[in-house]
There are 2 protein chains.
Amino acid sequence: MVTKQRGDLPPDADLTRADSLAREIFSDVANKWALLIIEALGERTLRFSALRNEVDGVSHKMLTQNLRMLERNGLVRRTVHPTVPPRVDYTLTEPGQALRATVSGMCDWTQRYLTHIETARRDFDAPFEAGWPRALAR
Amino acid sequence: MVTKQRGDLPPDADLTRADSLAREIFSDVANKWALLIIEALGERTLRFSALRNEVDGVSHKMLTQNLRMLERNGLVRRTVHPTVPPRVDYTLTEPGQALRATVSGMCDWTQRYLTHIETARRDFDAPFEAGWPRALAR
DNA sequence: CAGCATCCAGTATGATACTG
DNA sequence: CAGTATCATACTGGATGCTG
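Here the structure is a predicted model, which means the values were calculated and not measured.

Colleague: What should I look at first to understand the overall build of chain A in this one?
Modeller: A count of helices and strands for chain A gives 7 helices and 3 strands. The helix and strand sequence of chain A, counted from the amino end, reads α-α-β-α-α-β-β-α-α-α. By the burial criterion, 46% of the 138 residues in chain A qualify as buried. Long-range contacts, defined as pairs at least 24 residues apart, comprise 42% of the intrachain contacts of chain A with a sequence gap of at least 6. Just so you have it, chain A exposes about 7200 Å², and 54% of that area is on carbon and sulfur atoms.

Colleague: Before we go on, may I ask you to explain the interface of chain B and chain A in this structure?
Modeller: Accessible area lost on assembly of the parts is the figure often given for the size of an interface. Listed per partner, the contact involves 56 residues of chain B and 56 residues of chain A. Summed over both partners, the interface of chain B with chain A comes to about 5400 Å²; 64% of that surface belongs to carbon and sulfur atoms. Ranking the residues of chain B by area buried against chain A places Arg72(B), Trp109(B) and Arg121(B) at the top, with a combined share of 14%. On inspection of chain B and its partner chain A, the count reaches 6 salt bridges.

Colleague: What exactly am I supposed to notice about the protein's contact with DNA strand C here?
Modeller: Around DNA strand C, the surrounding shell holds 17 residues, and the nearest of these are Lys61(A), Pro86(A), Ser49(B), Arg78(B) and Tyr90(B). Within the side chain of Arg47(B), a nitrogen or oxygen atom sits 3.1 Å from a phosphate oxygen of DNA strand C. Of all the secondary structure elements, the ones that give two or more residues to the surface near DNA strand C are α4 (60-72) of chain A together with α3 (48-54), α4 (60-72) and β3 (87-92) of chain B. Top contributing element to the surface near DNA strand C by residue count: α4(B), with 4 residues. Looking at the surface near DNA strand C, its residues break down into 7 nonpolar, 4 polar and 6 charged.

Colleague: So what exactly am I meant to see when it comes to the sheet that holds strand β1 (residues 46-47) of chain B here?
Modeller: The strands that make up a sheet pair up through hydrogen bonds in the backbone, lying either parallel or antiparallel. The antiparallel open sheet is built from 3 strands, whose spatial order is β1-β3-β2 (chain B). On the outer flanks of this sheet lie β1 and β2 (76-81) of chain B, each paired with one strand and no other.

Colleague: I would appreciate a short explanation of the relation of the copies chain B and chain A in the present structure.
Modeller: Two copies of one chain are present, and they are related through a rotation about an axis combined with an axial shift. You can overlay chain B on chain A at an RMSD of 0.0 Å; the transform is a turn of 180° with a shift of 0.0 Å along its axis. Given the turn and translation reported, the copies of this chain are related as if by a two-fold rotation axis. Taking C-alpha positions as reference, the residue of chain B nearest the rotation axis is Asn31(B), located at 2.5 Å. A high fraction, 100%, of the interface residues of chain B reappear at the interface in chain A, so the copies pair face to face through one surface.

Colleague: Just checking my understanding: could you explain the protein's contact with DNA strand D for this structure?
Modeller: The local shell around DNA strand D holds 17 residues, among which Ser49(A), Arg78(A), Tyr90(A), Ser59(B) and Lys61(B) are the closest. Close to the protein, within 4 Å, the atoms of DNA strand D are drawn from sugar and phosphate at a rate of 62%. The side chain of Arg47(A) places a nitrogen or oxygen atom 3.0 Å from a sugar or linking oxygen of DNA strand D. Contact distances for DNA strand D include 2.7 Å between a phosphate oxygen and a side-chain N or O atom of Tyr90(A). In terms of residue count, α4(A) provides more of the surface near DNA strand D than any other element does, 4 residues in total. Among the residues forming the surface near DNA strand D, the class breakdown is 7 nonpolar, 4 polar and 6 charged.

Colleague: Even after reading the chapter, I still don't get the environment of Val2(A), so can you show me in this structure?
Modeller: In this fold, Val2(A) is placed in the segment before α1 (13-29). Leaving out residues up to four positions away in the same chain, Val2(A) has contacts with Ala22(A), Arg23(A), Phe26(A), Leu36(B), Cys107(B) and Gln111(B).

Colleague: Help me understand the nonpolar core, please; the structure alone is not making it clear to me.
Modeller: Side chains of nonpolar character tend, in soluble globular proteins, to be buried together. Judged by nonpolar contacts, the single largest core of 74 residues is most densely connected at Leu51(A) and Leu51(B). Ignoring sequence-local partners within four residues, the contact set of Leu51(B) consists of Ile37(B), Ala40(B), Leu41(B), Leu46(B), Leu63(B), Leu67(B) and Tyr90(B).

Colleague: Mind showing me how you'd approach the environment of Glu118(B) here?
Modeller: Residue placement: Glu118(B) occurs in helix α6 (residues 114-129). Each C-alpha atom, one on Glu118(B) and one on Glu71(B), is 36 Å from the other, the two residues being 47 residues apart in sequence. Not counting residues up to four positions away in its chain, the partners in contact with Glu118(B) are Arg17(A) and Leu21(A).

Colleague: Honestly, the sheet that holds strand β3 (residues 87-92) of chain A in this entry has me stumped. Any pointers?
Modeller: Residues and elements named next belong to chain A. Read across the sheet, 3 strands follow the order β1-β3-β2 without closing on themselves; strand pairing throughout is antiparallel. Two strands lie at the open edges of the sheet, namely β1 (46-47) and β2 (76-81), each paired on one side alone. As defined by bridge partners, β1 adjoins β3 across 2 bridges and the pair is classed as antiparallel. Following the sheet pairing, Arg47 is matched in β3 by Asp89. Each of β1, β2 and β3 is contacted by helix α2 (residues 32-41), which is oriented at about 95° to β3, the strand it contacts most.

Colleague: What should I look at first to understand the pattern of salt bridges in this one?
Modeller: Any two side chains of opposite charge can pair, given that their charged atoms come close. Throughout the structure, instances matching the rule amount to 14 salt bridges over all chains. Across the salt bridge formed by Asp28(B) and Arg121(A), the nearest N and O atoms sit 3.3 Å from each other. Residue Asp28(B) is found in helix α1 (residues 13-29), and its partner Arg121(A) is found in helix α6 (residues 114-129); the two belong to separate chains. Here Arg121(A) falls in the buried class, since its relative accessible area comes to 7%. Its salt-bridge partner being Glu54(B), residue Arg44(B) comes within 3.5 Å of it at the nearest N-O pair. Of the two residues, Arg44(B) is situated in the loop between α2 (32-41) and β1 and Glu54(B) in helix α3; the sequence distance between them amounts to 10 residues. By relative accessible area, Arg44(B) is classed as partly exposed at 36%. Here the residues in one salt-bridge network are Glu24(A), Asp28(A) and Arg121(B), joined through shared partners.

Basis of the calculations
Residues numbered from 1 in each chain as written. Chains lettered and ligands numbered in written order. Predicted model: local features only at pLDDT ≥ 70, side-chain atom pairs only at ≥ 80, totals over all residues. Heavy atoms only, no water. Helix = DSSP H or I, 4+ residues; strand = E, 2+ residues; numbered from the N terminus. Buried < 20%, exposed > 50% of the residue type's maximum accessible area, 1.4 Å probe, protein only. Contact = heavy atoms within 4.5 Å. Areas by Shrake-Rupley, 256 points an atom, 1.4 Å probe, with all protein chains shown as cover. Buried area = accessible area lost by both parts, 1.4 Å probe. Salt bridge = Lys/Arg side-chain N within 4 Å of Asp/Glu carboxyl O. Near = heavy atom within 4 Å. Polar contact = N/O pair within 3.5 Å; in protein donor to acceptor, adjacent residues only side chain to side chain. Nonpolar A, V, L, I, M, F, W, Y, C, P; charged D, E, K, R; others polar. Pairing = 2+ DSSP bridges. Least-squares fit on C-alpha atoms with pLDDT ≥ 70 in both. Core = buried A, V, L, I, M, F, W, Y, C linked by side-chain atoms within 4.5 Å. Axes fitted to C-alpha atoms, helices over the stretch in contact; angles between N-to-C directions.

Geometry only, nothing functional implied.
Structure, rendered in structure tokens:
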């Protein structure tokens, strides 16, 4: 499992290492921008600027930074065309595609429960907006 | 889609609102701790301290903070037992369970591509560790 | 035990400017 | 166009102490 890392040393040190590696990867991938980038790429090949347009609100810096990380983990293939001006294409690799499948699941989930969540929020926020003393609110 | 919000105003202002709401929810949920907590809860009901043990490395603060957020979005049900000392149980709601399904997918993915990613990283890091000038590395 | 508030360090992020 | 570096700042997250 990814939720638990074994902090203690052996019996089997290799398991510990695998666990902490798993956690590391999970932490890399489980962030807003990385997931949005993966989803935006989909099955397409996009150049940097196009990708920037697809992922709404991402800054130049966050995009490069996350793309480097994804490339390092082998989820994204980066192709440099030695033209001028330079042109760089990004595509999901097979592992990247596999991850995207689950990310799409998350996006679908968001859509499906959108209104559900909206009302949940309203209920939750109601007492506060009514100006209740925090101690009694819940 | 979640990757694109329409920043411009109407034609249809309701779509814009839905998009930005979707993005907001996605951003809430797409973070390391939230996902780990959801995965750790699974089908069980856990009290605060137990959950803290399950999600390795989470601080008291991050746990409360994320649990509040998840409760607000209606993904987690919080049950307070009026005993002394107090006892508080957390369970995933139906929407929470639905999300967990996709999160489990991400965890499985991590396991499946663990070694794959490990070698990808080694390849990527190799030139740098060899002390190459950054400009020529790639 | 669970929760909240506070303080503070470390990090993430955005804006800007410069290079190939 | 894509990438890197730098800087200022906002935010995150951890530690601590107090409350019911």
